[in-house]
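Listed below, chain by chain, are the residues.
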Amino acid sequence: MDDSVIYTARAQVLADLAARALDTPASVTLLEDACSERRWWLEQWAEGAPYIAGLIAQDVQDALADQFGRDRRDGLWPVCSRCEKGPVHALHVDPDLGGPDPQWVCEETGTPVAPLGHLADIGA
């Protein structure tokens, strides 16, 4: 198996964690766990490579929500910074199965915000 798919996905998700100042040891551990689990998944289904990055991002989102709760900002990674009115809410990965070409989308408006790995390009 070619691990470059996992390494590329890891780099994209880590960049987005860092863009929101959430590249903490605890979050990176969750990312490492997600990469390890998806490596096994990729070994079973090599044709799933285009989906890996988005799936790892979703895995980290779910793990953060489980750890911090969906009612805390840390559990809502990445928080939407585009919507000024309404409740604090997260972005989600689109398409739902993670790929190909995953992007962050506002869960309230459905507006695309940034490709996976590029949250720093749009600011906080």
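Residues numbered from 1 in each chain as written. Predicted model: local features only at pLDDT ≥ 70, side-chain atom pairs only at ≥ 80, totals over all residues. Heavy atoms only, no water.

Just checking my understanding: could you explain helix H1 (residues 4–19) for this structure?
For an α-helix the count is 3.6 residues per turn, leaving residues at separations of three or four pointing the same way. With 16 residues, H1 extends 22 Å between its outermost C-alpha atoms, agreeing within 8% with the 22 Å of an ideal straight helix rising 1.5 Å per residue. Those residues of H1 hidden inside the fold are in contact with helix H2 (25–44), helix H3 (52–68), strand S2 (103–106) and strand S3 (112–115). Just downstream of H1, Ala21 is the residue with a positive phi angle, here 55°. (Helix = DSSP H or I, 4+ residues; strand = E, 2+ residues; numbered from the N terminus. Expected span 1.5 Å × (residues − 1). Contact = heavy atoms within 4.5 Å.)

Help me out: how do you make sense of the pattern of salt bridges in this one?
Between side chains of opposite charge, pairing is possible as soon as their charged atoms come close. Counted by the stated rule, this structure contains three salt bridges. Notably, a salt bridge pairs Glu32 with Arg10, separated by 2.5 Å at the nearest N-O pair. With a gap of 22 residues between them, Glu32 in helix H2 and Arg10 in helix H1 connect regions that are remote in the sequence. On the basis of relative accessible area, Glu32 is assigned to the partly exposed category, the value being 33%. (Salt bridge = Lys/Arg side-chain N within 4 Å of Asp/Glu carboxyl O. Buried < 20%, exposed > 50% of the residue type's maximum accessible area, 1.4 Å probe, protein only.)

I tried to follow the packing of H2 against H3 on my own but got confused; where do I start?
Helices that pack against each other are described as a pair by the angle of their axes relative to one another and the distance between those axes. Interaxial distance between H2 and H3 falls to 9 Å at its minimum, and their mutual angle equals 135°. Between H2 and H3, the angle falls in the class oblique. Helix-helix and strand crossings are classified by hand; for H2 and H3 the assignment is right-handed. Where H2 abuts H3, its residues Ala26, Ser27, Leu30, Leu31, Ala34, Cys35, Arg38, Trp41 and Leu42 lie against Ile52, Leu55, Ile56, Asp59, Val60, Ala63, Leu64 and Gln67. Looking at the contact of H2 with H3 residue by residue, the classes come out as 13 nonpolar, two polar and two charged. (Axes fitted to C-alpha atoms, helices over the stretch in contact; angles between N-to-C directions. Parallel < 35°, antiparallel > 145°, perpendicular 65-115°, else oblique. Left-handed = near helix turned anticlockwise from the far one by under 90°. Nonpolar A, V, L, I, M, F, W, Y, C, P; charged D, E, K, R; others polar.)

I would appreciate a short explanation of the nonpolar core in the present structure.
In a soluble, globular protein the nonpolar side chains are often hidden away together inside. Ranked by internal contacts, the top residues of the largest apolar core, which has 26 residues, are Val13, Leu17, Ile56, Val60, Trp77 and Trp104. Looking at this core, the elements with two or more residues in it are H1, H2, H3, strand S1 (91–94), S2 and S3. If you tally residues by element for this core, the top one is H3, at six residues. In contact with Trp77, not counting residues within four places along its chain, are Val13, Asp16, Leu17, Arg20, Leu22, Ala57, Val60, Gln61, Leu64, Ala90 and Trp104. (Core = buried A, V, L, I, M, F, W, Y, C linked by side-chain atoms within 4.5 Å.)

I'm lost on the sheet that holds S2 in this one. Help?
Two modes of strand pairing occur in sheets, parallel and antiparallel, and in both the strands are linked by backbone hydrogen bonds. Pairing is antiparallel in the open sheet, where three strands are placed in the order S1-S2-S3. Of all strands in the sheet, those with a lone pairing partner are S1 and S3, marking the two edges. The average angle at which neighbouring strand axes cross in this sheet is 35°, direction not considered. Relative to S1, H3 is tilted by about 155°, and along the sheet it contacts S1 and S2. (Pairing = 2+ DSSP bridges.)

Interpretation in functional terms is not warranted from these geometric data alone.
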